[in-house]
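Each chain, written out:
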Amino acid sequence: MSDFKTLDDLPDDLSGQRALVRVDLNLPMADGLATDLTRARAVAPTILELADRGAKVLLLAHFGRPKGQRNSTMSMSMVQGAIEDVLGREVMFIPEVAGPVVEQAVDILGNGDIGMLENTRFWPGEEANDADFAKAIAANGDFYVNDAFSAAHRAHASTEGLSHLLPAYAGRSMQKELEALDAALGNPEPPVAAVVGGAKVSSKLAVLENLSAKVQHLIIGGGMANTFLAAKGVDVGKSLCEHDLVDTATAIMAAADRSGCTIHLPYDVAVAKEFAANPESFRICNVHEVSADEMILDVGPQAVEALGDVLKTCRTLVWNGPLGAFEMEPFDAATVTLARTAAALTQEGSLISVAGGGDTVAAMAHAGVTEQVTYISTAGGAFLEWMEGKELPGVSALQRG
Ligand code: ADP
Ligand code: MG
């Protein structure tokens, strides 16, 4: 995965060259305003670098799910102001993605100017990865840069098709993501620990199967740990538990055993009778002492301490999914404690730590460790598919040779 072309493979001076740059500007909106600029900030370095090197930069992105039709509420013009604010530059909005309107706009743009094409998903050729659609877009570019890792699990015209028609490069944000993921799982320094938590085994079966063959320690927490505990004969009371997946859990444990992967399940847990913050019924107990009317909502303090000791023996950590129902106190305790241990080990230089997943990003922020772990991936679906060991079409297309 590591050998892909980057902006360093382009000539220093890009004057007059037209750069088609796939970015993720699918910003969360409320009342017509972007509520979070993280995605825009992530792609700003690539855009500014290309512009400063003299290229005419043409941004390509999708916004919402217009399903192959023009829809004014999902026009890229909705995020024009937000991206201009983040870049501190003017961005020309171009209401087409190909054809003469784009050609004329590119003529108007000077070297170092930035244009933003319309929502790629207004055209059915985008999601169909239609060759003629991709060719029409490519006609207005001299090279292609993909800076949208979060869309790399989709083989669409703007995420994959274009890379076969133009010289293709990873942007800086894509590059950072690929380097972090490679260090965490592609080519990691052993021993490697993986934390897999979250609600359900069923949503992360492929992740568990892939990791159990690759890592030395697989730490299972969250609701999915209950299914594994049930598979070991533990009575989990009224916990979230997929009883129909007990055999699958047993098979994963057997496969892990064969490949020398130790699976860590909680032996003490935080339980309550209701799914609520600070419930009166909250208590810590051994996994064998959960009563019929109780739910396991977090890993217990003793188990977390032991997990911290496991991390101390590891060089690499990859984490997806919270260890408990972290949105409600005190069931955030295990996630917060282990995240802080991982952050401290990372700061000491003994651990490379990479985390990703929608709720995981929120959990890491809640623990206050966002800046202290090695890398946090905000690419939900693409991050999970990568943890499943899948090839991402948008990434493969950037590979050398
Ligand atoms: P991510 O978005 O990071 O991939 P998931 O969506 O798989 O993570 O899981 C997050 C959800 O799992 C959270 O809403 C959390 O409350 C829930 N969860 C974690 N542990 C438990 C548990 N023991 N019982 C019920 N829900 C849980
Ligand atoms: Mg989630």
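Residues numbered from 1 in each chain as written. Chains lettered and ligands numbered in written order. Predicted model: local features only at pLDDT ≥ 70, side-chain atom pairs only at ≥ 80, totals over all residues. Heavy atoms only, no water.

A. Looking closely at the overall build of the protein chain. The secondary structure content of the protein chain amounts to 14 helices and 17 strands. Radius of gyration (C-alpha) of the protein chain: 23 Å, near the 21 Å computed for a compact globule of 401 residues. Seen through its C-alpha atoms, the protein chain measures out along the principal axes to roughly 75 × 45 × 35 Å. For the protein chain, the residues scored as buried account for 54% of the 401 residues in total. Partitioning the intrachain contacts of the protein chain with sequence separation of at least 6 by distance along the chain shows that 74% fall at a separation of at least 24. Carbon and sulfur atoms form 49% of the exposed surface of the protein chain, whose accessible area is close to 16,300 Å². Counting 29 positive and 53 negative side-chain charges, the protein chain places the averaged centre of each group 2 Å from the other. (Helix = DSSP H or I, 4+ residues; strand = E, 2+ residues; numbered from the N terminus. Rg over C-alpha atoms; globule rule 2.2 N^0.38 Å. Buried < 20%, exposed > 50% of the residue type's maximum accessible area, 1.4 Å probe, protein only. Contact = heavy atoms within 4.5 Å. Areas by Shrake-Rupley, 256 points an atom, 1.4 Å probe, with all protein chains shown as cover. Lys, Arg positive; Asp, Glu negative; His and termini not counted. Charge placed at Lys NZ, Arg CZ, Asp CG, Glu CD.)

B. Inspection of the pattern of salt bridges at higher detail. One pass over the structure, following the stated rule, counts 13 salt bridges. A salt bridge links E49 to R53; its shortest N-O distance comes to 2.7 Å. Exposure remark for R53: the relative accessible area of 15% places this residue in the buried category. Close ionic contact of K390 with E388 constitutes a salt bridge, the shortest N to O distance being 3.2 Å. Three or more residues are tied together by salt bridges with common partners; here these are D8, E49, R53 and R172. (Salt bridge = Lys/Arg side-chain N within 4 Å of Asp/Glu carboxyl O.)

C. Highlighting the side chain of D332. Note on placement: D332 falls in the loop between β15 (316-320) and α11 (333-348). The charged side chain of D332 is buried without a salt bridge, its nearest counter-charge being R340 at 7.5 Å. Only 2.8 Å separates the side chain of D332 from the side chain of H366, close enough to count as a polar contact. Apart from the residues within four sequence positions on either side, D332 is in contact with D298, A325, F326 and H366. (Polar contact = N/O pair within 3.5 Å; in protein donor to acceptor, adjacent residues only side chain to side chain.)

D. View of unusual backbone geometry. With omega at -5°, the peptide bond leading from P190 into P191 counts as cis. Its identity as a non-glycine residue notwithstanding, K67 has a phi of 55°, on the positive side. In this structure, K67 sits in the loop between β4 (56-60) and α2 (80-87). When its relative accessible area of 69% is taken as the criterion, K67 is described as exposed. In this structure, N129 is a non-glycine residue whose phi angle is positive, near 50°. The residue N129 is located in the loop between α4 (124-127) and α5 (131-138) in this model.

E. Just the packing of aromatic side chains, in detail. Going through the model one piece at a time under the given rule, you end up with five aromatic pairs. Residues F282 and F331 carry aromatic rings whose centres are separated by 5.8 Å and whose planes lie at 75° to one another, so their mutual orientation is edge-to-face. Within this pair, whereas F282 is found in the loop between β12 (268-272) and β13 (283-286), its partner F331 is found in the loop between β15 and α11, the two being separated by 49 residues in sequence. Take F331: its relative accessible area is 0%, and that puts it in the buried class. Taken together, F122, W123 and F133 form an aromatic cluster joined through their ring pairs. The ring of Y169 is capped by K5, whose NZ or CZ atom sits 5.2 Å from the centre of that ring. (Phe/Tyr/Trp six-rings, centres within 6.5 Å; stacked < 30°, edge-to-face > 60°. Lys NZ or Arg CZ within 6 Å of the ring centre and 35° of its normal.)

F. The arrangement of the sheet that holds strand β7 (residues 143-146) in detail. Taking strand neighbours across the sheet as the criterion, the six strands line up as β5-β6-β4-β1-β7-β8 in an open arrangement whose pairing is parallel. The open sheet has two free edges, formed respectively by β5 (92-94) and β8 (168-170), since each of these has just one partner strand. Geometrically, the sheet is characterised by an average inter-axis angle of 25° between neighbouring strands, direction not taken into account. Alignment of strand β1 (residues 18-22) against β4, held across five bridges, turns out to be parallel. (Pairing = 2+ DSSP bridges. Axes fitted to C-alpha atoms, helices over the stretch in contact; angles between N-to-C directions.)

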